[in-house]
Amino acid sequence: MLNKKTLNFAIIGQGAIALTLLEQIDRVSMPNQNKPVCIGFVNRTADSLANIINQRPDLIVEAAGHQALTIYGPQILEAGIDLLLASVGALANEPLELALKQKAEVSGAAVLIPAGALGGLDALRSARWAGIDTVSYTSEKSPKAWRGTAAESMLDLAAVTTKQVFFTGTARQAALQFPQNANVAAAVALAGIGFDQTQVQLCADPDAAFNRHRVFAEGPFGNINVVIEGRVLSSNPKTSMLAPMSLVDALMNRHATFRVL
């Protein structure tokens, strides 16, 4: 018997990620199940979130940045509504991560973390059961993708002619210093050995035609070596196209009878 349940969701934010998400759902054909339906948006008005919560969506998608997750996330989970995150890097803030976990545990709601622009997180998550010794993540993007970030204080982006490593540190440091660019580092940390054990390098490469993400992990299970080269959104060069697509996939498969985990 086919599952015909309709997934009702709301979105925090109306920027590039949110609009790409809605456009993609609109154009996809789903002959064996109903399409997810967006019932509204959470915006900055005082009663916006309350109105959405009163409609009892199946989940709410956060697509508005770290501050929005800090403001709205705990209230959503407290109301018992699942929360799908775009701004995974915000979880590097320990008090916020703890607050979300506590609200979710009490209400029974879930915090859903997509793969974002990266692949291989399923293998990394599975490897934890065998044990992981080290995990490293490297991000290589064109200099223009780092404009408007802390990278501008670390190197002259306009003068970069060869690939430059401008940040080396932990996933926690990367996610907090580069909130618009390092969500993938946070996802790697959460899938693997944590924010403070995951090592990160951020690079500006004038020859980069794609956003390049590399994850390497090793342990008793063997090695994981994953490289993803993703095109960016035309509306936002800081964001890989796969980031909103991972949200689309999470929504499309929420009530699927067959799911790849």
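As the structure is a prediction and not an experimental result, all values here were calculated from the model.

Description of the pattern of salt bridges
Then, in step 1: With the rule as written, the count across this model stands at 10 salt bridges.
Then, in step 2: Residue R212 is joined to E140 by a salt bridge in which the shortest nitrogen-to-oxygen separation is 2.5 Å. Remark: E140 occurs in strand β6 (residues 134-141) and R212 occurs in strand β9 (residues 211-219); sequence separation between them is 72 residues.
Then, in step 3: Overall, the relative accessible area of 14% leaves R212 in the buried class.
Then, in step 4: Given a relative accessible area of 4%, E140 falls into the buried group.
Then, in step 5: Of the charged contacts in the structure, one is a salt bridge between R172 and D196, with a shortest N-O distance of 2.8 Å.

Some words on the environment of L83
Then, in step 1: Note on placement: L83 falls in strand β4 (residues 82-85).
Then, in step 2: Placed 25 residues apart in sequence, L83 and D58 show a C-alpha to C-alpha distance of 9.1 Å.

Quick notes on the layout of surface pockets
Then, in step 1: Taken as a whole, the largest pocket spans an internal volume of roughly 1000 Å³.
Then, in step 2: Residue lining of the largest pocket: 27 residues in total, with I113, P114, A115, R125 and L261 positioned closest to the centre.
Then, in step 3: Within the residue set of the lining of the largest pocket, elements represented by two or more residues are β5 (111-112), α5 (121-127), α7 (183-191) and α8 (242-252).
Then, in step 4: No other element matches the five residues that α8 contributes to the lining of the largest pocket.
Then, in step 5: In terms of residue class, the lining of the largest pocket is built from 16 nonpolar, five polar and six charged.
Then, in step 6: Its volume calculated, the second largest pocket comes out at about 540 Å³.
Then, in step 7: Taken together, 30 residues make up the lining of the second largest pocket; nearest its centre are I17, A86, Q180, N183 and T239.
Then, in step 8: Secondary-structure elements contributing two or more residues to the lining of the second largest pocket are α1 (16-27), α7, β12 (236-240) and α8.
Then, in step 9: The dominant element in the lining of the second largest pocket, judged by the number of residues it contributes, is β12, at four residues.

Describing the side chain of S87
Then, in step 1: Position of S87 relative to the elements: it lies in the loop between β4 and α4 (94-107).
Then, in step 2: At 3.2 Å, the side chain of S87 forms a polar contact with the backbone nitrogen of G65.
Then, in step 3: With sequence-adjacent residues up to four places away left out, S87 is seen in contact with E62, A64, G65, H66, L69 and N183.

Overview of empty space enclosed by the protein
Then, in step 1: Within the structure shown, the criterion is met by two cavities of 30 Å³ or more.
Then, in step 2: Of the pockets and cavities examined, the second largest cavity occupies roughly 40 Å³.
Then, in step 3: What lines the second largest cavity is L118, G119, G120, L121, L124, V215, I224 and V226.
Then, in step 4: Listed by contribution, the elements that provide at least two residues to the lining of the second largest cavity are α5 and β10 (222-230).
Then, in step 5: Grouping the amino acids of the lining of the second largest cavity by side-chain chemistry returns six nonpolar, two polar and no charged.

A word on α1
Because the α-helix completes a turn every 3.6 residues, residues three or four places apart line up on one side.
Then, in step 1: End to end, α1 covers 17 Å across 12 residues, agreeing with the expected 16 Å (1.5 Å per residue, within 8%).
Then, in step 2: Looking only at α1, the buried set comprises I17, A18, T20, L21, Q24 and I25. For α1, the angular spread of buried residues about the axis comes to 165°, placing them on one side. Turned more than 90 degrees from where α1 packs its buried face, D26 and R27 sit exposed.
Then, in step 3: Tucked inside the fold, the buried residues of α1 contact β1 (8-12), β3 (59-62), β11 (232-233), β12 and α8.

Reading the values: the criteria
- Along each chain, numbering runs from 1 in the same order as the chain's sequence is written.
- In view of the model being predicted, local features appear only for residues whose pLDDT reaches at least 70, and side-chain atom pairs are presented and counted only at 80 or more, with totals across whole chains, interfaces and linings using the full set of residues.
- Side-chain metrics rest on all non-hydrogen atoms present in the structure, leaving aside hydrogens and water.
- One speaks of a salt bridge when a side-chain nitrogen belonging to Lys or Arg is within 4 Å of a carboxyl oxygen belonging to Asp or Glu.
- In this text, helices come from DSSP runs of H or I with a minimum length of four residues, and strands from runs of E with a minimum of two, each type numbered from the N-terminal end.
- Only protein chains enter the calculation, and the probe is 1.4 Å; a residue is then buried if its accessible area is under 20% of its type maximum, exposed if over 50%, and partly exposed in between.
- Lining residues are those with an atom within 4 Å of a point, where the points come from a 1 Å grid over the protein atoms alone and group into cavities, where a 1.4 Å probe fits but cannot get out, or pockets, open sets with protein on both sides within 12 Å along at least five of seven lines.
- Grid points are joined across faces, edges and corners, and a volume is the space filled by probe spheres set on the points.
- Classes in brief: Ala, Val, Leu, Ile, Met, Phe, Trp, Tyr, Cys and Pro nonpolar; Asp, Glu, Lys and Arg charged; the others, Gly included, polar.
- Two N or O atoms count as a polar contact when they lie within 3.5 Å, although within protein this holds only if one can serve as hydrogen donor and the other as acceptor, and sequence-adjacent residues are included solely when both atoms are side-chain atoms.
- We call two residues in contact whenever any of their non-hydrogen atoms come within 4.5 Å of each other.
- One less than the number of residues in a helix, times 1.5 Å, gives the span that helix is expected to have.
- Comment: arc refers to directions from the helix axis out to C-beta atoms.

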